[in-house]
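Coordinate inspection notes
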Amino acid sequence: MKLPLLYFFVVSAFARSEDCDFLCSEEWSPVCGTDTVTYASECWLALADCKIDDDIALDHMGECQPALRKSRPKCQESVRQENCDLHYYNPVCERSGVTYRSMCHLCQSMYKDQQTKNIMYIIEHLGPCTASAE
């Protein structure tokens, strides 16, 4: 009884994807879709968009991080004295469209700006900013 049911799902999956006959590599180059799902690459996002009825577009490069999206960075005072260049490359897009090499770099820049301006940085998303970032 299980075999015909499995056959039905396999046939249904292939029937829906007739126009989606392209293959994607296993390379990890994460992107975040407008559905807030992290895809392994732009190819996997395009494949998902092709296979389902909803439109999925590229929201930003990098993994989806809804908990940090459009929020204030949680910077510790100790970051002021840190050597941020020792941090791994983990880009952060700030609302102004500036990409920082790491959260440490963003926090140091914010603290520096706050010495002369009344300003608060907002994290747009993790990953580098794109031309479409607002």
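What comes next is a walk through the structure. This is a predicted model, so every value here is computed, not measured.

About the thresholds
Counting from 1, residues in each chain are numbered in the order their sequence is written. Two thresholds apply to this predicted model, a pLDDT of at least 70 for residue-level local features and 80 or more for giving and counting side-chain atom pairs, whereas whole-chain, interface and lining totals are computed over all residues. Excluded from the side-chain calculation are hydrogens and water; included are all heavy atoms of the structure. The pairing criterion is simple: DSSP has to find at least two bridges between the two strands. Secondary structure elements follow DSSP: runs of H or I of four or more residues count as helices, runs of E of two or more count as strands, with numbering from the N terminus. Between two residues, a contact is recorded if the distance between any of their heavy atoms is within 4.5 Å. Lines fitted to the C-alpha atoms define the axes, with helices restricted to the stretch that makes contact. Angles between their N-to-C directions range from 0 to 180 degrees. We define a salt bridge as a contact between a side-chain nitrogen of Lys or Arg and a carboxyl oxygen of Asp or Glu at a distance within 4 Å. Summary of the burial criterion: residues with accessible area below 20% of their type's maximum are buried, those above 50% are exposed, and those between are partly exposed, where the area comes from a 1.4 Å probe applied to protein chains only. Count a disulfide wherever a pair of cysteine sulfur atoms falls within 2.5 Å. When the centres of two rings from Phe, Tyr and Trp lie within 6.5 Å, Trp using its six-membered ring, the rings pair. Their planes under 30 degrees apart give stacked, over 60 give edge-to-face, and anything left gives tilted. By the criterion adopted, a ring carries a charge over it if an Arg CZ or a Lys NZ lies within 6 Å of its centre and within 35 degrees of its normal.

1. Looking at the sheet that holds strand E3 (residues 58–61)
The strand order across the open sheet formed by three strands is E2-E1-E3, and the pairing between neighbours is antiparallel. Of all strands in the sheet, those with a lone pairing partner are strand E2 (38–39) and E3, marking the two edges. Two elements, strand E1 (residues 31–33) and E3, share three bridges in a ladder whose sense is antiparallel. Considered in E3, the bridge of Gly-33 is made with Leu-58. Taken strand by strand, helix H2 (residues 42–51) contacts E1, E2 and E3, and its axis lies near 20° from that of E1.

2. Observations regarding the pattern of salt bridges
Pairs may arise between side chains of opposite charge once their charged atoms sit close together. Taken as a whole and judged by the stated rule, the model has one salt bridge. Put simply, Glu-77 and Arg-80 hold a salt bridge, and the shortest N to O gap is 2.9 Å. Accessibility expressed as a relative area gives 52% for Glu-77, which makes it exposed.

3. Comments concerning the side chain of Ser-41
Here Ser-41 shows up in the loop between E2 and H2. Sequence-distant contacts of Ser-41, that is, excluding residues within four places in its chain, are made with Glu-27, Ser-29 and Val-31.

4. Regarding the state of the cysteines
One pass over the full model with this rule turns up five disulfides. The partner cysteine of Cys-20 in its disulfide is Cys-50, sulfur to sulfur 1.8 Å. Handedness here is read from the sign of the S-S torsion; for Cys-20 and Cys-50, about -90°, the answer is left-handed. Pair noted here: Cys-20 is in the loop between helix H1 (2–16) and E1 and Cys-50 is in helix H2, with a separation of 30 residues, a long-range link. Judged by its relative accessible area of 31%, Cys-50 falls in the partly exposed class. Across the disulfide from Cys-75 sits Cys-107; the S-S distance is 2.0 Å.

5. Side note on the packing of aromatic side chains
Enumeration according to the criterion identifies one aromatic pair in this entry. On the numbers, 6.0 Å between centres and 40° between planes, the contact of Tyr-100 with Tyr-121 is tilted. Residue Tyr-100 is located in strand E5 (residues 99–100), and its partner Tyr-121 is located in the loop between helix H3 (103–114) and strand E6 (123–126); the two are separated by 21 residues in the primary sequence. For Tyr-100, a relative accessible area of 12% corresponds to the buried category. Exposure remark for Tyr-121: the relative accessible area of 5% places this residue in the buried category. The ring of Tyr-111 carries the charged tip of Arg-80 above its face, separated from the ring centre by 3.9 Å.

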